[in-house]
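Given next are the chains, with one letter for each unit.
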Amino acid sequence: MKAILFVGHGSRDPEGNEQVIQFVERLRPQVDARYHIETCFLEFGLPTMLEGMKRCVEEGADEVIVIPIILLAAGHSKLHVPAAIDEAKQQYPHVTFIYGRPIGIHEQTFTILKERLQEIGENVEAPDPDTAILLLGRGGSDPDANSDLYKIARLFWERTNYSLVEPAFMGVTAPLLEEGVERCIKLGAKKVVILPYFLFTGVLIKRLEAKVSEFSGRYPQIQFALAGYFGFHPKLQTIVLDRLEEALGQTVKMNCDLCQYRLHMADHHHHHHHHH
């Protein structure tokens, strides 16, 4: 029997952990009913990963597919999840563990980001030339994960008509939010839209709201707007289900789903927009 173990990052904010649980509940009907499903957390939430694996094995699983509900492949998904899997392998030598990819860069990433902007009244297809988008990641100590935010910012720029899409981070690494805002203004932006690329973290969102009103006070001539966080958008289900299919061996892993961009580009190359 196969079991699927979804791994949320876990948040100090119980509401964040509840959102992960609800997200998995909504996925359940779309997953083959023969699979047993468990949800666990890397930190700040229960059950822990080892506890989640134990539950799967106790349900009779001889194969456990571990799917991280984590945006970017950072230290957690590279170190902590494999370490927990190694420990489980020693405890349950008869069980096969398969590790899926984090959410990463997927076609739907851009659809979700666009919708978050549309929700606050942005015209993504024909934006104001003086508007800058500041894509805000959590920031961490893993250069690879940090560089993925740059890649997403660039691909989002390719997909929209904003002249400026700048990456910045909430903490740990530069450019921090303040530097990002300053850079947008130096480059001539009259409006800065902050687009948070995180799943959920009540703590950060509250801090972000305070920052935005602080910026409005500091730069009275500039307009500021805050988009909704990336979050557990319905289209995130598509991404996670794709990662599950991949892990089940039903699809070929292309370079970061870039095969999908290739198709997109083939459709759009004749009216590319950045030839101002």
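Note that the structure is a prediction, hence the values are computed from the model and not measured. (Residues numbered from 1 in each chain as written. Predicted model: local features only at pLDDT ≥ 70, side-chain atom pairs only at ≥ 80, totals over all residues. Heavy atoms only, no water.)

Moving on: the overall build of the protein. Counting its regular elements, the protein contains nine helices and eight strands. Buried positions account for 53% of the 276 residues belonging to the protein. Here the analysis covers contacts within the protein between residues at least 6 apart in sequence; of these, 80% occur between residues at least 24 apart. Total accessible area on the protein stands at roughly 13000 Å², and carbon and sulfur atoms take up 53% of it. (Helix = DSSP H or I, 4+ residues; strand = E, 2+ residues; numbered from the N terminus. Buried < 20%, exposed > 50% of the residue type's maximum accessible area, 1.4 Å probe, protein only. Contact = heavy atoms within 4.5 Å. Areas by Shrake-Rupley, 256 points an atom, 1.4 Å probe, with all protein chains shown as cover.)

Tracing the chain through its elements places isoleucine 185 in helix α6 (residues 177–186). It is 8.6 Å that separates the C-alpha atoms of isoleucine 185 and alanine 132, two residues lying 53 residues apart in sequence. If sequence neighbours within four positions are ignored, isoleucine 185 has contacts with Val192, Tyr219, Ile222 and Phe224.

Looking now at the pairing of strand β5 (residues 131–137). Consecutive side chains of a regular strand alternate in pointing toward one face of the sheet and then the other. The buried count for β5 comes to seven of seven residues, which makes it a mostly enclosed element. Here β5 shows no split at all, with Thr131, Ile133, Leu135 and Gly137 on one side and Ala132, Leu134 and Leu136 on the other all buried. Both β5 and strand β7 (residues 191–196) contribute to a ladder of six bridges, which runs parallel. Considered in β7, the bridge of leucine 135 is made with leucine 195. Between β5 and its parallel partner strand β6 (residues 164–169), the chain crosses via helix α5 (residues 143–159), and the hand of that crossover is right-handed. (Pairing = 2+ DSSP bridges. Right-handed = clockwise from strand over helix to strand, strands pointing away.)

Right, let's get into the sheet that holds β5. Spatial strand order, β6-β5-β7-β8: four strands in an open sheet with parallel pairing. This sheet does not close on itself; its edge strands, each paired only once, are β6 and β8 (223–226). Mean inter-strand twist for the sheet, computed between neighbouring axes without regard to direction, equals 25°. (Axes fitted to C-alpha atoms, helices over the stretch in contact; angles between N-to-C directions.)

Moving on, we get to the environment of phenylalanine 44. Note on placement: phenylalanine 44 falls in the loop between β2 (36–41) and α2 (49–58). Under the relative-accessibility criterion, phenylalanine 44 is labelled partly exposed at 41%. Here phenylalanine 44 is in contact with Gly10, Ser11, Arg12 and Asn17, once residues within four sequence places are set aside.

Here the focus is the packing of aromatic side chains. Taken as a whole and judged by the stated rule, the model has six aromatic pairs. With a centroid separation of 5.3 Å and an interplanar angle of 45°, the aromatic rings of phenylalanine 23 and phenylalanine 232 are classed as tilted. You can see phenylalanine 23 sitting in helix α1 (residues 14–27) and its partner phenylalanine 232 sitting in the loop between β8 and α8 (234–247), a full 209 residues away along the chain. When sorted by exposure, phenylalanine 23 lands in the same class as phenylalanine 232, which is buried. (Phe/Tyr/Trp six-rings, centres within 6.5 Å; stacked < 30°, edge-to-face > 60°.)

A few words now on the nonpolar core. Grouped together as the largest cluster of nonpolar side chains are 50 residues, with contacts concentrated most on Phe6, Ile69, Leu117, Tyr197 and Leu236. At seven residues, the largest contribution of residues to this core is made by α5. With 22 residues, the next largest nonpolar core counts Leu164, Ala168, Val181 and Phe198 among its residues. (Core = buried A, V, L, I, M, F, W, Y, C linked by side-chain atoms within 4.5 Å.)

Here the focus is the side chain of aspartate 142. Assignment of secondary structure puts aspartate 142 in the loop between β5 and α5. Overall, the relative accessible area of 13% leaves aspartate 142 in the buried class. Among the polar contacts listed, one links the side chain of aspartate 142 to the backbone nitrogen of aspartate 144, at a separation of 2.8 Å. (Polar contact = N/O pair within 3.5 Å; in protein donor to acceptor, adjacent residues only side chain to side chain.)

The subject of this paragraph is α6. Turning to α6, its buried residues are Leu177, Gly180, Val181, Cys184 and Ile185. Relative to the axis of α6, the buried residues are bounded by an arc of 135° and lie together on one face. Looking at the buried side of α6, the elements it contacts are β5, β6, β7, α7 (202–218) and β8. Phi turns positive, to about 100°, at glycine 188, one or two residues after α6. (Arc of directions from axis to C-beta.)

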